[in-house]
Each structure stands twice: as structure tokens, then as C-alpha cells.
Amino acid sequence: MEKKNQIYEGKAKILFETDSSDHLIQYFKDDATAFNAQKKGTINQKGVFNNKISTRIFEYLQAEGIPTHYEKTLSDREMLVKKVEIVPIEVIIRNVAAGSLCRLLNLEEGMKLKVPILDFCYKKDSLNDPLISEYHIRALGWATDEEVEEIKKYVFKINDLMKKFFLDINLDLIDFKVEFGRFKGKIILADEISPDTCRLWEVGTGKKMDKDRFRKDLGNVEEAYQEVLNRVVK
Ligand code: ADP
Ligand code: UDP
């Protein structure tokens, strides 16, 4: 499929049209941002790591019955995907307290949650992606009741599948963010799943193997992403 015009450049990826109106190419950049883009930097080779890690996870989820936008990996940094209409909601699942949940409720990082927490955030950089409830989504028409139910069903299944997937490679899935979109009237998983969008702690040592190494200046950022890739494709 031929790469055409750039239609969007975001914080981590660039989107290109193709000669098919149903498909886009996602190009993964090395740019990294944190704290709503107040902190900016680059993580050398991140685009390559995240494209390959996302590829493996989308293939796995797809094989387990989750519909995704993933079609094909085209190169080190390029993925062919179905073009969706993004539901403007960040869907977050938390198994262990970390990040903004700890700040919100003054919880200690690492506290195991009795059941997973599902958070919705409105995807709006100028408002710092505020936490919202299902009622905001319905009241403001961002998704229908049926779509919200479908998203909830998928995201808990994705959590179960990914917890198992990562545990097999000695990583604990602490939390993650996913995005969904509409394709030919159906809700499918879109965007990426990578150490940019998941918190992953090494079993036993608790070592952070994700973007928190960049957020918190913990060092060895590239090495952590490389290690996750090595384990994911093992
Ligand atoms: P951001 O927009 O938050 O800076 P990125 O740099 O990751 O994030 O940009 C990728 C953009 O592409 C995101 O806004 C995401 O919602 C959108 N997107 C992801 N998958 C698809 C898809 N299959 N079709 C259309 N848009 C998509
Ligand atoms: N996350 C993400 N993009 C965002 C916000 C969060 O991928 O714009 C991911 C983040 O990497 C973590 C989870 O969602 O795995 C929960 O993030 P949190 O709400 O704790 O926010 P943070 O403290 O990371 O800003």
C-alpha cells in the first residue's frame, strides 16, 4: 500500500494517508512527553521499540478475539492500520496504585487494588485530559451507551489477557491506557500498546520497565524499552 500525505503529527506518532481510504500508516517517533507535554525529550530508538512491541501485542490480542486496527508492520517504525474515528476517551485500567491515582487519593505507590479500577479521561490536551465518568461520555455524546458497554467489555478482557502475557515474561502489568475507534460501525482497539502507555514492573525486583524511567529521570530508559522488546518477542 502506498504512503501518501501526512494528515496528523502527534506527540509520539505521525499519521499518513494511503491509497486506501480505509487505511492509515502510523509512524512511531522517538519523541517523548510527560506531565501533559510540560516535559519533552527523546528516547533513542523508542519508535522502533514501540512499533515492534505494539505489533506483538496487537497480534496476540487479535488472536484472542479482540478486534484491533492492526493490519501489518511495514518497517521498523511504520504500521499499517485501519483508519478509525477515534472515540475521544483515554480508557485506563489500574491493577496497582501508581501515577495520577496516587496523587488524586494520596495512596502509596504499589498498593495492590482489590479489583481493577476503570478510569475514563477526556482526550483533550488543552484541558490536561481530565478524569470523567460514563455519564459525561453519554451526556456529551462522545459515545453511545452501546459503545460504552462494548468498550468496558473489551478493556477488562484486554486487562486479563495482557496481565497473563506480561506475567509470562516476568513483568507485572500495573496499569495501562488504550484508545478505541469506530470502523464500519464497530468499536475496535486503536492507537498503540507499549511501555509509553503501560506501567510494567519486573517481577521480584519491582524495577520500572516503562516511561516512568523518563518521567522520573531514573536513567537507563532505552535499555528498559529494549529489554521489554527482547522479552515480548522471545
Ligand atoms: P497524541 O495525539 O495524543 O499526541 P500520538 O502522537 O500517539 O498522540 O498520535 C497518534 C494519534 O492518532 C492519536 O491522536 C490517536 O488517537 C490517533 N489514532 C490512533 N490510531 C488511529 C487509527 N487507527 N485511525 C485514526 N486515528 C488513530
Ligand atoms: N497514560 C498514557 N497516556 C496518557 C495518560 C496516561 O498512556 O495521556 C498511561 C500511563 O502510561 C499509565 C496509565 O495510562 O500506564 C495511567 O496513567 P496515570 O493516570 O497514572 O497518569 P500519569 O501519572 O502517567 O500522568
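The paragraphs below set out a description of the structure included in this document. (Residues numbered from 1 in each chain as written. Chains lettered and ligands numbered in written order. Predicted model: local features only at pLDDT ≥ 70, side-chain atom pairs only at ≥ 80, totals over all residues. Heavy atoms only, no water.)

Section: the overall build of the protein chain
Okay, so step 1: Regarding its fold elements, the protein chain presents six helices and 14 strands.
Okay, so step 2: Once the C-alpha set of the protein chain is aligned to its principal axes, its extents read approximately 50 × 40 × 35 Å.
Okay, so step 3: Buried positions account for 52% of the 234 residues belonging to the protein chain.
Okay, so step 4: The long-range share in the protein chain, meaning contacts at least 24 apart out of those at least 6 apart in sequence, stands at 56%.
Okay, so step 5: Total accessible area on the protein chain stands at roughly 11500 Å², and carbon and sulfur atoms take up 49% of it.
Okay, so step 6: Charged side chains in the protein chain number 39 positive and 40 negative. The centres of these two groups are separated by 1 Å. (Helix = DSSP H or I, 4+ residues; strand = E, 2+ residues; numbered from the N terminus. Buried < 20%, exposed > 50% of the residue type's maximum accessible area, 1.4 Å probe, protein only. Contact = heavy atoms within 4.5 Å. Areas by Shrake-Rupley, 256 points an atom, 1.4 Å probe, with all protein chains shown as cover. Lys, Arg positive; Asp, Glu negative; His and termini not counted. Charge placed at Lys NZ, Arg CZ, Asp CG, Glu CD.)

A short note on the packing of helix α1 (residues 46-63) against helix α6 (residues 221-232)
Okay, so step 1: Between α1 and α6, whose axes approach to 10 Å, the crossing angle comes to 30°. Looking at the two axes, α1 sits roughly parallel to α6. Between α1 and α6 the crossing geometry is left-handed. Residue-level inspection shows Lys46, Phe49, Asn50, Lys52, Ile53 and Arg56 of α1 in contact with α6, the latter providing Glu222, Tyr225, Gln226, Val228, Leu229 and Val232. (Axes fitted to C-alpha atoms, helices over the stretch in contact; angles between N-to-C directions. Parallel < 35°, antiparallel > 145°, perpendicular 65-115°, else oblique. Left-handed = near helix turned anticlockwise from the far one by under 90°.)

Section: the packing of α1 against helix α4 (residues 145-167)
Okay, so step 1: As a packed pair, α1 and α4 sit with axes 11 Å apart at the nearest point and diverge in direction by 125°. Taken together, the axis directions place α1 and α4 in an arrangement best described as oblique. As for the relative orientation of α1 and α4, their crossing is right-handed in sense. Within the contact between the two elements, α1 uses Arg56, Ile57, Tyr60 and Leu61 and α4 uses Ile158, Leu161, Met162, Lys164, Phe165 and Phe166.

Things to note about the site of ligand 1
Okay, so step 1: The environment of ligand 1 is made up of 18 residues, and the closest members are Tyr8, Lys11, Ala12, Lys13 and Glu179.
Okay, so step 2: Within the contact set of ligand 1, an oxygen atom lies 2.6 Å away from a backbone nitrogen or oxygen of Ala12.
Okay, so step 3: Contributing elements (two or more residues each) for the shell around ligand 1: β2 (13-18), β3 (23-28) and β7 (78-82). (Near = heavy atom within 4 Å. Polar contact = N/O pair within 3.5 Å; in protein donor to acceptor, adjacent residues only side chain to side chain.)

A word on the nonpolar core
Okay, so step 1: Judged by nonpolar contacts, the single largest core of 53 residues is most densely connected at Leu61, Met162, Phe166 and Phe180.
Okay, so step 2: A per-element tally of this core places α4 first, with nine residues.
Okay, so step 3: Excluding residues that lie within four positions of it along the chain, Phe180 makes contacts with Glu85, Ile86, Val87, Val91, Ile151, Tyr154, Val155, Ile158, Ile187, Ile188, Leu189 and Ala190. (Core = buried A, V, L, I, M, F, W, Y, C linked by side-chain atoms within 4.5 Å.)

Some words on the site of ligand 2
Okay, so step 1: Close to ligand 2 lie 16 residues; Arg94, Ser100, Asp175, Arg199 and Arg215 are nearest.
Okay, so step 2: Separating an oxygen atom of ligand 2 from a side-chain N or O atom of Asp175 is a distance of 2.6 Å.
Okay, so step 3: In the environment of ligand 2, an oxygen atom lies 2.9 Å from a nitrogen or oxygen atom belonging to the side chain of Arg215.
Okay, so step 4: For the shell around ligand 2, the secondary structure elements donating two or more residues are β9 (89-96), α2 (99-105), β12 (171-183) and β14 (198-202).

A few points about the environment of Met1
Okay, so step 1: Tracing the backbone through its elements, the reader meets Met1 in the segment before β1 (3-9).
Okay, so step 2: Residue class for Met1 comes out exposed when judged on its relative accessible area of 54%.
Okay, so step 3: Distance from Met1 to Ile25, taken between C-alpha atoms, is 9.3 Å for residues 24 residues apart in sequence.
Okay, so step 4: If we skip the residues at most four places from it in the chain, Met1 touches Thr18, Asp19, Ser20, His23 and Leu80.

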